[in-house]
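These are the residues of each chain, in order.
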Amino acid sequence: MVNAQHSLTSHSAEGRERARAGLQTQAVRAGLLTLSSLVVGLAIWQFLSSVLFNPFLIPPPSEVFRTALPMLASGEIFADIGISMSRILVGFLSGSIAAIVIGVLLGRIRLLHDLLDPIIELLRYLSPTAMIPIAVIWFGIGELSKYFLIFWGTFFIVLINTTAGVWRAPIARQRAAECLGANHIQIFTLVVIPSAVPYIVTGMRVAMASSFMSIIPAEILAADSGIGYLLQKSSMLLQTNRIFVALVTICVLGFFVDRVFRLLVERVLARYMSFVSQM
Amino acid sequence: MLRVHEVGKVFESARGRYVALEGVSITIKPGEFLCLLGPSGCGKSSLLNILAGFEPVTSGTVTSGGKPVIRAERERVMFFQDAGSALLPWLNVEENVQFALRLRKLPKAEWPAIVETNLRLVNLDTHRSKFPAELSGGMRQRLQIARALAADPEVLLMDEPFAALDALTRRHMHQVLLDIWQRTRKTVVFVTHDIAEAILLADRVAVMSVGPRAAISKVIEIEAPRPRDLTHPQVAQTFHEIEDLLEPELQRSEGLAEAN
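Here is what the cut-offs are and how they apply
Residues numbered from 1 in each chain as written. Chains lettered and ligands numbered in written order. Predicted model: local features only at pLDDT ≥ 70, side-chain atom pairs only at ≥ 80, totals over all residues. Helix = DSSP H or I, 4+ residues; strand = E, 2+ residues; numbered from the N terminus. Rg over C-alpha atoms; globule rule 2.2 N^0.38 Å. Buried ≥ 20, exposed ≤ 12 C-beta atoms within 10 Å, placed from the backbone. Contact = placed C-beta atoms within 7 Å. Nonpolar A, V, L, I, M, F, W, Y, C, P; charged D, E, K, R; others polar. Pairing = 2+ DSSP bridges. Core = buried A, V, L, I, M, F, W, Y, C linked by C-beta atoms within 7 Å. Axes fitted to C-alpha atoms, helices over the stretch in contact; angles between N-to-C directions. Parallel < 35°, antiparallel > 145°, perpendicular 65-115°, else oblique. Left-handed = near helix turned anticlockwise from the far one by under 90°. Domains from an automatic or database assignment.

**Focus on the overall build of chain A**
Regarding its fold elements, chain A presents 11 helices and 0 strands. Helices (α) and strands (β) of chain A occur, in sequence order from the N terminus, as α-α-α-α-α-α-α-α-α-α-α. Computed over C-alpha atoms, the radius of gyration of chain A comes to 23 Å, more than 25% over the 19 Å expected from 2.2 N^0.38 for 279 residues, which places it beyond the range of a compact globule. Each of the 279 residues in chain A was classed as buried or not, and the buried ones make up 31%. Relative to all contacts within chain A whose residues are 6 or more apart in sequence, the contacts with residues 24 or more apart total 71%.

Quick look at the structure:
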């Protein structure tokens, strides 16, 4: 993403113009390919549900669209999206902040790392789903239990990535700064932390995807609102068309949130994301 | 003046004790260009790390201007072979040089002049807003030189700085380095395993024996005027002299590698 901009090194205005035109052609091409992929996908779906399978079990896209319209019009679906997103956001942000702070310490203080690593290595296998039953007992079915579950899922992913990033800050870079006169705090803040940014951001992206996976079971088992609850309620009432609306919503939402996340990173952190090859 | 006196370095690891250096002594004069020459694994990089203050000696002493070297300081700037990791990839050319000035705590008003001087010296003044990833290998090394000079050190410590560059770029970098050295008169300690490189650059070449217990086996003065030509009889003779010195060392080194 950074390189796309930086590869425009030609100095003549003409060359730059040509490069821009080339990028535009590429973008149009990519857009057309995405569009045809989606159209083919919908066509296969329509075919399967109306010809091969029972349309009650797999409602065709046309039916799903018809069901979605009133849900969109009444704002019902947006209320569910809003509540699920706010749960993800609170859990994800608090989990990321806690993980970055602790991860940085673990990456820097060997003793702390050696002491806590075995515990982390064991706890990370407890997925948020595995924690739902105890979360309900601890925090009830209110917002707090969902915040906790998303926090739990986010925390370990971002923690492990942050620790690795801090750990792998190149020795040559730290030593170079040291002999230019940097003290320990300066090496830490001006060299080690920026070097870890690509790792931290990668961890957060993975954690965001995982948050989308864990909010659904959490809301199915322990909530009275949100997309997961919509799934659960529709299942009880055998409303397969409403289930499919919820499933499509999850796909579209996850896709857009990831795009927004990438765009934010490109805008704010682009210069930290470029890795320099080893010559 | 850098004085290395009877320095020994022992590495303790799970695999045992390894005596890398033993009884290494040499005095490096201010403004001198010294090459540490030896085959791979002779401990020349260890010696350079000790000179920089990155690693402590096990025995003996190292002093810089009479003061013992116990940690890295701005008067001795290390220059790394892998410029990609030594530079800060999130800062552009100009900002990488400014990084050295910030650490020197110079007032910002003085920055532009120093940045300008040093970027011009290495011919990067027209590339100041590029990021390291957009530079060629040779340009990155030149940026590293500019950054090191901006710190205004007394000694430049260089660890096989041009070994990863292609032959043409390397020759060009030799000229750049000699030119800068002649203008600034910094002391240079340059580690290499390439006899030709050592002879083309150095005032003196310190030939190191192969480890374990590596030491400086001979110091050779190169008096031929610069720019030097390897086909010049006097230079060619020195080349063969060093080659003869290193030949048995290389065989020992290979023997050791096979024994392992």
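There is more to say, and it comes next.
**A word on the interface of chain A and chain B**
Quoted interface sizes are often the accessible area lost when the parts come together. Of the residues lining the interface, 21 residues belong to chain A; the matching set on chain B comes to 26 residues. Of all the secondary structure elements, the ones that give two or more residues to the side of chain A that touches chain B are α8 (171–179) and α9 (184–221) of chain A. The residue makeup of the side of chain A that touches chain B, split by class, is 10 nonpolar, 7 polar and 4 charged.

**Digging into the pairing of strand β6 (residues 76–79) of chain B**
It is a general feature of regular strands that their side chains alternate between the two faces of the sheet. Residue and element names in this part refer to chain B. Burial along β6 is two-sided: the face carrying R76 and M78 and the face carrying V77 and F79 are both buried. Sheet topology places β6 next to strand β7 (residues 155–159); 4 bridges connect them, and they run parallel. For V77, the partnering residue across the bridge sits in β7 and is L156.

**Here we look at the nonpolar core**
Core analysis: the largest hydrophobic core is formed by 127 residues, its most contacted members being C35, L51, L157, V189, F190 and V205 of chain B. For this core, the leading source of residues is α9 of chain A, giving 14 residues. Ignoring anything within four residues of it in the chain, the contact list for V189 of chain B reads I28, L34, L36, L48, L51, V155, L157 and M158 of chain B.

**Some details on the packing of helix α10 (residues 227–236) of chain A against helix α11 (residues 240–269) of chain A**
Residue and element names in this part refer to chain A. Contact geometry of α10 with α11 gives a least axis separation of 8 Å together with a crossing angle of 160°. With respect to their mutual orientation, α10 and α11 come out roughly antiparallel. In terms of crossing hand, the pair formed by α10 and α11 is left-handed. Along its contact with α10, which presents I227, L230, L231, S234 and S235, the element α11 presents R242, I243, A246, T249 and I250. Residues that form the contact of α10 with α11 fall into these classes: 6 nonpolar, 3 polar and 1 charged.

**Considering the packing of helix α5 (residues 137–150) of chain B against helix α6 (residues 167–184) of chain B**
All names here are of chain B. Direction vectors running N to C along α5 and α6 enclose 15°, while the axes themselves pass 10 Å from each other. Overall, the two elements α5 and α6 adopt an arrangement that is roughly parallel. α6 is crossed by α5, and the crossing has right-handed handedness. Contact residues: α5 offers G137, G138, Q141, R142, I145 and L149, while α6 offers T169, H172, M173, V176, I180 and T184. Classifying every residue of the contact of α5 with α6 by side-chain character gives 5 nonpolar, 6 polar and 1 charged.

**A closer look at the sheet that holds strand β2 (residues 16–28) of chain B**
Residues and elements named next belong to chain B. The 4 strands lie next to each other as β2-β1-β4-β5, forming an open sheet whose pairing is antiparallel. With partners counted over all chains shown, the strands left at the sheet margins are β2 and β5 (67–68), one partner each. As paired elements, strand β4 (residues 59–64) and β5 share 2 bridges and run antiparallel to each other. From the neighbouring strand, S64 faces β5, where its bridge partner is K67.

**Things to note about the environment of S127 of chain A**
Mapped onto the secondary structure, S127 of chain A falls in the loop between α5 (110–123) and α6 (128–139). Each C-alpha atom, one on S127 of chain A and one on S214 of chain A, is 8.4 Å from the other, the two residues being 87 residues apart in sequence.

**So, α10 of chain A**
Residues of α10 of chain A that are buried include every one of I227, G228, Y229, L230, L231 and Q232 of chain A, and no others. Contacts made by the buried residues of α10 of chain A are with α4 (76–108), α9 and α11 of chain A.

**Remarks on the domain arrangement of chain A**
Residues and elements named next belong to chain A. Here the domain parsing of chain A yields domain 1 (1–58) and domain 2 (59–272). Each of domain 1 and domain 2 was reduced to a C-alpha centroid, and the two centroids are 27 Å apart. Looking at which element gives the most residues to the side of domain 1 that touches domain 2, the answer is helix α2 (residues 13–52), with 5 residues. Considering only residue class, the side of domain 1 that touches domain 2 consists of 8 nonpolar, 3 polar and no charged.

**Let's talk about the environment of H184 of chain A**
Tracing the sequence through the fold places H184 of chain A in helix α9. Sequence-wise, H184 of chain A and Q174 of chain A are 10 residues apart; in three dimensions their C-alpha atoms are separated by 9.6 Å.

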